[in-house]
Amino acid sequence: MQRIALEPATRKRPAERDLWRQFPALEGALPCLNLASLPTPVTALPALAGDRCRALFVKRDDQIASTYGGNKVRKLEFLLGHAVDRGCREVLTFGVAGSNHALATAVCAARAGLSSISMLTPQTNTRYVAKNLLMSLVAGAELHYYRTQAEADAGARFQLLRHKRRTGVEPLLIPGGGSNALGTVGFVNAGLELASQVDAGLLPAPDRIYLPLGTMGTVAGLRLGLAAAGLKTRIMAVRVVHPNIGNEARLEALTQATIELLRTHGCKLAPSQLADVPVELCHDFFGRKYAVFTDEGMAAIRRAAEHGLQLDGTYTGKAFAALLADLDSGALDGQSVVFWNTLSSANLSPLIADVDYRQLPTALHWYFQHPVQRLDR
Ligand SMILES: *Cc1c(COP(=O)(O)O)cnc(C)c1O
């Protein structure tokens with residue numbers, strides 16, 4: 001079990017969620033845990049904007065929770081709420097070795113009094129892989145490592161049975177990235193939350209929002225939330241995963257599944273509202289491979305750091321590079337722009353300082369014994 005006291009999550013349903021205000025029927029129907037401190041702030045970057053756009057703001061999901069944050073916490077409020085409601089004691093999920101989602105699941109599960117099992121697969125080595133693995137140990141996660149996704153899927157079937165036999169209850173299976181319809185609802189709330197901040201005068205209504213596209217729950221939910229609020233915003237979804245994972249057809253399927261989930265609880269969205277929030281997939285900043293850093297991404301990280309923003313090479317640096325390219329080309333002239341910071345900014349170093357990597361499954365020691373990719377050194 002976990003070795004340090006993480007901020008506890010109250011099992012009480014959070015009283016303040018913009019989703020309840022927009023769709024009152026959901027408050028009783030969808031169990032939700034209090035894991036995120038919401039609303040996350042919006043902060044302006046006037047020096048970077050200059051006169052090249054009307055306004056440039058950052059949505060600070062990096063500050064969503066103190067132990068470990070980022071965009072996954074919004075999905076986990078609903079996914080883990082469902083797990084608790086169903087009487088599960090454990091959750092099982094998937095990710096690559098350094099997966100932010102697997103770590104967020106481990107930390108949030110521990111905060112909610114649940115155990116977690118992570119089914120991990122290989123990725124390119126980066127410094128944060130080691131950190132995330134050690135932090136998963138601190139959170140008490142049970143880790144398994146497989147060479148391929150097919151092996152991880154087979155392993156998952158075995159682990160679900162094994163855990164059910166041991167505890168009497170099957171663990172809740174959470175898909176990679178937390179991106180099923182229920183997890184996506186967390187980002188419907190996020191879109192409504194941003195709209196409330198616009199209404200409160202904290203920022204102008206955004207013409208464009210830039211963010212990374214991975215398993216797509218973030219983009220799909222945000223679009224539905226913005227549409228439900230009546231905003232007219234173009235979502236610039238910067239693909240950072242293989243096109244088999246992030247693509248238009250799968251985005252449409254997840255969007256429809258989420259609309260269907262909302263509809264079963266009596267919450268309707270007009271197709272005309274959806275048309276007001278187009279999603280543009282940007283493919284030009286992916287580079288060679290998932291989690292392989294790019295020169296443009298690294299340059300974007302350096303420029304962001306000059307303005308107090310800490311980004312990463314796998315997700316946010318690539319998305320910010322897309323924003324900077326449009327800013328520098330004059331494409332954002334007169335526009336109000338938001339960068340959605342999906343990365344956790346929690347400093348894990350003090351928590352993992354005394355953890356020995358040899359407590360990890362042996363196959364994962366590789367990430368500690370081999371150099372990280374050149375752009376990350
Ligand atoms: C998972 C992740 C994303 C992608 O979110 P999806 O909902 O999977 O598309 C973006 N940024 C960071 C930092 C992430 O960890």
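For the structure itself, look to the data block above.
Rules and cut-offs
Residues numbered from 1 in each chain as written. Predicted model: local features only at pLDDT ≥ 70, side-chain atom pairs only at ≥ 80, totals over all residues. Heavy atoms only, no water. 1 Å grid on protein atoms, 1.4 Å probe; cavity = no way out; pocket = protein on both sides within 12 Å on 5 of 7 lines; lining within 4 Å. Points joined across faces, edges and corners; volume = space filled by probe spheres on them. Helix = DSSP H or I, 4+ residues; strand = E, 2+ residues; numbered from the N terminus. Nonpolar A, V, L, I, M, F, W, Y, C, P; charged D, E, K, R; others polar. Buried < 20%, exposed > 50% of the residue type's maximum accessible area, 1.4 Å probe, protein only. Lys, Arg positive; Asp, Glu negative; His and termini not counted. Salt bridge = Lys/Arg side-chain N within 4 Å of Asp/Glu carboxyl O. Polar contact = N/O pair within 3.5 Å; in protein donor to acceptor, adjacent residues only side chain to side chain. Contact = heavy atoms within 4.5 Å.

### Observations regarding empty space enclosed by the protein
One pass over the structure, following the stated rule, counts 1 cavity of 30 Å³ or more. Lining the largest cavity, in full, are Val-96, Ala-97, Gly-98, Ser-99, Ala-102, Leu-103, Leu-120, Asn-132, Leu-133 and Ser-136. Looking at the lining of the largest cavity, the elements that each hand over two or more residues are α5 (100–111) and α6 (127–138). Here the element with the most residues in the lining of the largest cavity is α6; it accounts for 3 residues.

### Remarks on the layout of surface pockets
In this approach a probe as big as a water molecule rolls over the atoms, and the regions it shows empty are the leftover space. By volume, the largest pocket amounts to about 1,100 Å³. If you trace the largest pocket, you find 46 residues lining it, with Val-96, Thr-215, Val-241, Ile-245 and Tyr-290 closest to the centre. Sorting the residues of the lining of the largest pocket by element identifies α4 (72–85), β3 (90–96), α5, β7 (208–213), α9 (217–228) and α10 (248–264) as the ones contributing at least two each. Of the residues in the lining of the largest pocket, the class split is 18 nonpolar, 23 polar and 5 charged. For the second largest pocket, the calculated volume is near 710 Å³. Taken together, 25 residues line the second largest pocket, and the ones lying closest to its centre are Tyr-128, Lys-131, Leu-311, Asp-312 and Leu-343. Of all the elements, α6 adds the most residues to the lining of the second largest pocket, at 4 residues. Per-class residue counts for the lining of the second largest pocket are 13 nonpolar, 7 polar and 5 charged.

### A short note on unusual backbone geometry
Of note, the bond from Leu-38 into Pro-39 is cis; its omega dihedral lies within 30 degrees of zero at 0°. Position of Pro-39 relative to the elements: it lies in the loop between α2 (24–29) and β1 (42–44). Phi at Met-216 takes a positive value of approximately 85°, unusual for a residue other than glycine. Summarising the element assignment, Met-216 is placed in the loop between β7 and α9. Classification of Met-216 by relative accessible area gives buried; the value is 4%.

### A word on the side chain of Arg-239
Among the structural elements, Arg-239 can be located in strand β8 (residues 234–239). Within the buried core, Arg-239 has no salt-bridge partner, and the shortest N-O distance to an opposite charge, that of Asp-284, equals 7.4 Å. A distance of 2.8 Å separates a polar atom in the side chain of Arg-239 from a polar atom in the side chain of His-283. Setting aside chain neighbours within four positions, we find Arg-239 in contact with Leu-213, Gly-246, Cys-282, His-283 and Phe-286.

By themselves, these observations are geometric and do not establish any function.
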